[in-house]
Protein chains: 2
Amino acid sequence: MGPVRLALLAVVALAAAGEAVYIPYNTSAGVVAGKLNVHVVPHTHDDVGWLKTVDQYYVGSNNSIQGACVQNVLDSLIPALLKDENRKFIYVEQAFFQRWWRNQNDMIKDTVKGLISSGRLELINGGMCMHDEAAVHYIDMIDQTTLGHKFIKEEFGQIPRIGWQIDPFGHSAVQAYLLGAEVGFDAFYFFRIDYQDRDTRKGTKELEVVWRGSKSFGSSADIFAGIFPKNYEPPPGDFYFEVDDDSPVVQDDPLLFDYNVEERVNDFVAAALAQANITRTNHIMFTMGTDFKYQYAESWFRNMDKLIHYVNKDGRINALYSTPSIYTDAKYAANEQWPLKTNDFFPYADNPNAYWTGYFTSRPALKRYVRMMSGYYLAARQLEFFKGKSRSGPATDYLGDALALAQHHDAVTGTEKQHVANDYAKRLSIGYTRCLLLNVTFCPPSEMDFSKGKSLVVLVYNSLGWKREDILRVPVFSDSIVVHDSEGREVESQLLPIASASLNIRDKHVKAYLGTSPGAKPKFWLAFPVSVPPLGFNTYFVSSTKKSASVSSKSTVSSSQGSEDSNLQVGQGNLKLQYNAAGALSLYSDSKTLIEANFEQKYKYYIGQDGNGSDPQASGAYIFRPNGTVPIKTDSQVPLTILRGPIVDEVHQQINSWIYQITRVYKGKDYVETEFIVGPIPTDDGNGKEVATEIVTNMATNKTFYTDSSGRDFIKRIRDYRSEWKIEVHQPIAGNYYPVNLGIYVEDGNKELSVLVDRSIGGSSIKDGQIELMLHRRLLHDDGRGVAEALNETVCLDNQCEGLIIEGKYYLKIDPQGEGARWRRTFGQEIYSPLLLAFSEQDGGNWANSHIPKFSAMDPTYSLPDNVALLTLQELEDGSVLLRFAHLYEAGEHKDLSALASVNLKRVFRDKKIGKIIETSLSANQERAAMEKKRLKWKVQGPPADEKVVRGGPVDPSKLVVELGPMEIRTFIVSFERSISGKQLL
Amino acid sequence: MGPVRLALLAVVALAAAGEAVYIPYNTSAGVVAGKLNVHVVPHTHDDVGWLKTVDQYYVGSNNSIQGACVQNVLDSLIPALLKDENRKFIYVEQAFFQRWWRNQNDMIKDTVKGLISSGRLELINGGMCMHDEAAVHYIDMIDQTTLGHKFIKEEFGQIPRIGWQIDPFGHSAVQAYLLGAEVGFDAFYFFRIDYQDRDTRKGTKELEVVWRGSKSFGSSADIFAGIFPKNYEPPPGDFYFEVDDDSPVVQDDPLLFDYNVEERVNDFVAAALAQANITRTNHIMFTMGTDFKYQYAESWFRNMDKLIHYVNKDGRINALYSTPSIYTDAKYAANEQWPLKTNDFFPYADNPNAYWTGYFTSRPALKRYVRMMSGYYLAARQLEFFKGKSRSGPATDYLGDALALAQHHDAVTGTEKQHVANDYAKRLSIGYTRCLLLNVTFCPPSEMDFSKGKSLVVLVYNSLGWKREDILRVPVFSDSIVVHDSEGREVESQLLPIASASLNIRDKHVKAYLGTSPGAKPKFWLAFPVSVPPLGFNTYFVSSTKKSASVSSKSTVSSSQGSEDSNLQVGQGNLKLQYNAAGALSLYSDSKTLIEANFEQKYKYYIGQDGNGSDPQASGAYIFRPNGTVPIKTDSQVPLTILRGPIVDEVHQQINSWIYQITRVYKGKDYVETEFIVGPIPTDDGNGKEVATEIVTNMATNKTFYTDSSGRDFIKRIRDYRSEWKIEVHQPIAGNYYPVNLGIYVEDGNKELSVLVDRSIGGSSIKDGQIELMLHRRLLHDDGRGVAEALNETVCLDNQCEGLIIEGKYYLKIDPQGEGARWRRTFGQEIYSPLLLAFSEQDGGNWANSHIPKFSAMDPTYSLPDNVALLTLQELEDGSVLLRFAHLYEAGEHKDLSALASVNLKRVFRDKKIGKIIETSLSANQERAAMEKKRLKWKVQGPPADEKVVRGGPVDPSKLVVELGPMEIRTFIVSFERSISGKQLL
């Protein structure tokens, strides 16, 4: 060796730098038989509001709260998908997708259409949001899903196949069978179920099941349900690849330090084998993403490309880019028999002391607002249809969008930050300009001065399919009022003095919400009965009068401190309530049904755990964790005030300084209406409080009660027990709470005690014979699930804030055993769809000359059956109409009303001729027949079920009669030929 | 109005949702005359190592330290640039760009080539890194810039026009004139200058200047220099648009809430007007980016598109996508006269107590390692050229890359995290396998057993262009050694007992660095003189002998405690050092120059401010902030040990328990060499310490001293004074420190005291007649500039860590006034390029039979002039050769040596015939003539300079003589026709 060579050898470097290291990754793997297949499913979970508002999330503003920008996700996704034809992605939340879509130019739109049609980008779930399943009414679920699916169908010709409810805090039966099977989904994936349930299922490989959510539909509405083993994030082992994430990236450039391909492949294989160990078949899913990830999509795909490439080169398992659809098909192809799951997945706990049952009630005012808007939206679309949908002007679309957003699992749930809750409310308010503050006794139109011969015109619209008798209430100044109906007849009416408590609330809240004081105070509530035809309106005229036969009756007012000697009775009709000597309710009696029941109604509050002890779990927006129960006694200093009159008796009680209650018994009604005004909940003792009311009877209910599933089916609940798995309940109160959307009832074989609600709420039967409802919550600590705010709602006026006061109603009835369903179902529908009021004024009696005073869209002699509701009547852009009827009863729920029902469309649409009617899936994005043919039928372990499922038959286009079996909801697209009458209504 | 219409009107929403809002943004604006033009310059600043290693930054690993991934930046940039042809971007750091480039497929490469050739993506600055300007030697600057520019030229045919040193901590004259003007740059942009200087310049609109960095070159090397008003980030007013940044995004979708276009336009205009107010001409630059930004480029461009679109629609000002090149051309076109700036921008302070002068010394071991590798890399490329560059095997490229990285402004500066410093060292070590630990007395080849007739072959390579006489030192076991030269002649040698202190260090560090103990300990340093021809080698043979005329002399060893009665003198030649009775240096005398000077040399340390007081500024990696000075007295218990012999006298002093010093006077040399071993610096008193040595004389130096600029020009420094602006110095020590790469000197009209260094270091003259060097720093607090680690280097062995010990040398000489330059320049070059050793062994005397023992690449009778160094001799991939000569003297620096010098290439390349020679720019990426023609000539305020610039003339291809004026560096690409001799050397 020459000396210079010797020297040189010592100087030179190890490797020739600069060598090309471009690697074309092989990501083309599909399913491989005989191997464990890891379905790598890239996804992002984008809440349409939570810590930031939906718009802030979309554009990426307010990042100091949370770094999240959905525009980034979608913008960056397209080039990432184009880079490799094997890459796939699912996108879920259509509220975001639509915001993005309308900002794109035609080139991007064409590209995206190509990606979607080739399956590289799949829109799944497909609603505007990923709705909650506890605090959401099924009608809202249907509407928001329909809205999203419609866009997907129209813009891309696609029909989502998969339910993807990965984040909601527990899962409802209605979601599985109605928003799953009836929408045409082949499978439904999620993760939040009780931790004990999950642990059990892991051991028995029962995380993937067939869920039979409907007793009425049985196996005809089965759906494959996949529960994720841990969460909806990448598997354990550091596979997070967002910009700035800490997981080790796959470093496969041999020219750089820290080459780690073997190590990362081993990590991936280990994660796959662990998951395979708790999963049936040789298919597992890796959910590659989480909240607001893929802001720069390439950073994930770059690493997934490498993992797939090197894992498959390694050969121990097979990894493939996949979607839940591909995964579902692979599961189906395995031809396995799956365990059966019935009922639902409520309540959800992720820890022994962490039952997510607080959110059933959190933000009760928002929950009420959403429910109110929901009924209103139903009615407004009917009116829009009657008028003919405007092509350019305002439409109900905005309200539809706002309502859809509000169904999100951090919206109506009350688990968002306060400013985000305000945003949802703002959106709803934009679509609603009525007497918004009627609940705080503020309604400018009705508070007009009748002295100058003017009178108030009250237009009353009934969106239900049956004729309706009800009592209207409006605040008025005058103490001599007369009410006339549309035919000029005087109508009996009653004036109820407005309590000063109410007027105080009115003054404060009107100023707080509107910025100006409301001016002179009305003196009375005017109550009068109205009668409104189905799908129609009637008009009433309220004017001042000095002398008239039917001048409004002033209520008699009496007070009682609960005198020892006499029981007090209220009620002018069949139903009587008796108060005992202490001023407390003691007896319920109905002279028609002969029901008589001992009866107490009380308030209490739970002290919210503050999380400062050794166990850091506080009670908060999500989680209900009581730390002691405090009974609230009626303050004996305040008299019980009884207002009596020809229409209604009211019992006013100031329960304590921050709870006011009015109990009403209407002469013509056979139920009790209770209005509660709760708040500001005091916290000066340092304790958060969760206020409940309870109805206590001596009924022997054997730990059993019933609550509705998303406002639809009633599900049997048994205290400290789950029907399909063994539970140890560490929180005996919180662990027995369930969501209540429609109502809750108990029965003792002799009678049924039912309570119906005006919004979603948490409820339970903590003791036999008892029902309780959580009305309001004010808490001082965050419960550690991300929202990072205490649920402490306040109202601020003149820079002073105090706890939010909420107002609401619940309705109570005791029926003979077997009779309760009729009231719960039919009256329940009336609660959902209250009469809609519009106000005008007339000077003299000229109104009737220029207006139609009374109207029904239907044949005047026709009415929908008592067991059928018209859920949707909505004109679409192309002039066709979306029509949806629901049977309101479950199979076997009522001896008469659970029968097959019929609707005669010719009589419903008396003025129009139906040209074409197509029955569709629930979300109206495909023909029903095609959907049924296409939907996968899953095999269930065990013997076949003994079923008698009743569903309506096909609609004969000549007869146009729609049959509905129990619980059936049928959806149609109807085209009208022309207006038969030729008359325009408006 | 019909009643239904009435009701409807109330229900409907404000706006028709779903309307298309795609907006094609107009971003096409160019410069508009008569308007304020805001040049929006999108950029990212990507440190090639700082808190993470360069590879970690590239791939995005170790994100828990810092979320940063350069691959994301470049990956996301391409689709973002393609989206709008007006979008522009500059990319700077070629180390990253090259890593990325080699991972791309041909399609991406073609796309990028298109973007670059159309100017939408511009590669500026263009070195491998953005090198530091204080701790970096100009040869390293040239090499790393050449490496980057070469790639850009070869791959893209581009020549960077702009210097972009936006982050280095102060700016050197050499950067401006050599790495700016001589590279062909038209302008140079940066931001870190003293805060007082900046404030002054804002008031006088002098942030943009013409910088004349070279006294020798005068206006011929002027460059336009733009100093940013605040930093290199977006202007004040929240214009940060990284994913997750908090700045308000431009929300221009009218269908979403929080539309803010007007507000954001106003913010932008306000920022522009504020900047215009301190800027000449109607062009200002917004630097849109900062460290590691554009990880998802689209999020920036999306917002910049909107800002440009809406700002220009607003019309008050004109905003345009721009680059520094476009900005520079606009400035030039304004035909303005600019203020003149000379000298440099050191030191840098960003606060009264925050002088960034600590990093001049931080990590002295790394700094030494880099300097050592730098000289080695120069020599290694020469050897590679002689051998012929391997096409497939190992090459010096890796070392070149590693060295380039090490010049980064958070590499050799010592301002990176410890693990990153380790990474730089690892990269350097991969290219170097020699007696790496010779500085801790460990060199296995020389420690062989000579007893069995074997002898050590020492090959000594001289990379300089002149013949060299030097003293070699290697550790040996035997005490009877004979050295022969290549012609078989015995060479006088001297054995110096190895101090036990040195052996302890050796044992510990060899084990710490190599993992194994070094085994038996050598007893002596063997010193012997060598003589090596220019660009050549000589061979020496070391063997054991019992009897020989020239057996190595053992040094006489004497000790002194500083006896009162006698002064002690050392030195066998002209130069003598005298130690006083206290054992301290007292007199320097040179019998040849008749210089005699009183002289003290001492150690002291500064206590590092801990930042715990009211002012939180600690002393740290960047910042030197002393909190008191503590003199270090020689421990009188330890004797002064004097080793004398025929070659060298050494004075060993254990200064205190952690400072050991050896002062050497070689018989044949006229300077003093001082070796210092400092550490572990104790910190058990809770104080960080910064150790300095000082030389104190009674010279009257009038506050004035001289330090080199990046190892090249000497710049006059005056204490507490800046030549071009008025300073108030709040830190009288730290504020007078300057970087020293080559040396520092003072003069008193009669003589010059020069100190040369073996690495970059901080130095000053704190008092008249005094010079001090900061040798080592160990600090316990972070100084708050991002590195988030205390500069507390340790060495760990057997799980015990102690402070790092550093070893080094400085060289001192006192010359008659006007004579110092010769030593500083010529010997300075020898320090940079030490003799390179290679070892082998022979058994018997067979070596000479098979090897060429002595060699010079040049004509044996030729030598480069004393004032010229061969900076580069490097074979390129195409077989051509990069050749670079430097004149070593400034104009007027030395009466003889500052003259025009000549190099005869025919004699340099005696065996080869030059076929073609092209003179190029300094970075070899364009022909020199074209560069000179093209470069912008800037107008300067005031009268024209009175200049006599001397530069060499064109090279006549027949004569092949290269002339060099003072300070001139000339770069050539040479092609050889064939080897004249036909002989292969190797």
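Residues numbered from 1 in each chain as written. Chains lettered and ligands numbered in written order. Predicted model: local features only at pLDDT ≥ 70, side-chain atom pairs only at ≥ 80, totals over all residues. Heavy atoms only, no water.

- The name given to chain A in an unreviewed UniProt entry is Alpha-mannosidase, with Panicum miliaceum as the source organism.
- The Catalytic activity (unreviewed entry) comment attached to chain A in UniProt states, word for word, "Hydrolysis of terminal, non-reducing alpha-D-mannose residues in alpha-D-mannosides."
- Turning to chain A, the UniProt record has this under Sequence similarities (unreviewed entry): "Belongs to the glycosyl hydrolase 38 family." (UniProt positions renumbered as here; feature names shortened; annotations may be inferred.)

## Points about the state of the cysteines
- Summed over the entire model, instances satisfying the criterion amount to 2 disulfides over all chains.
- Put simply, Cys796(A) and Cys801(A) are joined by a disulfide, and their sulfur atoms are 2.0 Å apart. Its torsion about the S-S bond being 105°, the disulfide of Cys796(A) and Cys801(A) is classed as right-handed.
- Cys69(B) supplies the cysteine sulfur nearest to Cys69(A), a cysteine that is in no disulfide, at a spacing of 19 Å.
- Residue class for Cys69(A) comes out buried when judged on its relative accessible area of 5%.
- The closest cysteine sulfur to the non-disulfide-bonded Cys129(A) is located on Cys69(A), 20 Å from its own sulfur. (Disulfide = S-S within 2.5 Å. Buried < 20%, exposed > 50% of the residue type's maximum accessible area, 1.4 Å probe, protein only.)

## Let's talk about the domain arrangement of chain A
- Domain boundaries assigned for chain A yield domain 1 (37-355), domain 2 (444-553 + 835-839), domain 3 (555-817) and domain 4 (857-976).
- Here the C-alpha centre of domain 4 of chain A lies 36 Å away from the C-alpha centre of domain 3 of chain A. (Domains from an automatic or database assignment.)

## Some words on the packing of helix α3 (residues 70-83) of chain A against helix α5 (residues 106-117) of chain A
All names here are of chain A.
- Two elements in contact, α3 and α5, have axes separated by 11 Å at closest approach and are oriented at 55°. Classified by the angle their axes make, α3 and α5 are oblique. Like other packed secondary-structure pairs, α3 and α5 cross with a definite hand, here left-handed. In this structure, α3 uses Ile78, Leu81 and Leu82 to contact α5, whose residues at the interface are Thr111, Val112 and Leu115.
- Looking at the contact of α3 with α5 residue by residue, the class counts come to 5 nonpolar, 1 polar and no charged. (Axes fitted to C-alpha atoms, helices over the stretch in contact; angles between N-to-C directions. Helix = DSSP H or I, 4+ residues; strand = E, 2+ residues; numbered from the N terminus. Parallel < 35°, antiparallel > 145°, perpendicular 65-115°, else oblique. Left-handed = near helix turned anticlockwise from the far one by under 90°. Contact = heavy atoms within 4.5 Å. Nonpolar A, V, L, I, M, F, W, Y, C, P; charged D, E, K, R; others polar.)

## Focus on the sheet that holds strand β27 (residues 600-608) of chain A
Residues and elements named next belong to chain A.
- Pairing in this open sheet of 6 strands is antiparallel, and the strands run β28-β27-β33-β40-β39-β36 from one edge to the other. In the strand order of this sheet, the two ends are held by β28 (626-632) and β36 (738-740), each with one partner. Along the sheet, successive strands turn relative to each other by an average axial angle of 35°, direction set aside.
- By the bridge criterion, 8 bridges tie β27 to strand β33 (residues 689-696) in an arrangement that is antiparallel. Note on β33: the bridge partner recorded for glutamate 600 is valine 696. (Pairing = 2+ DSSP bridges.)

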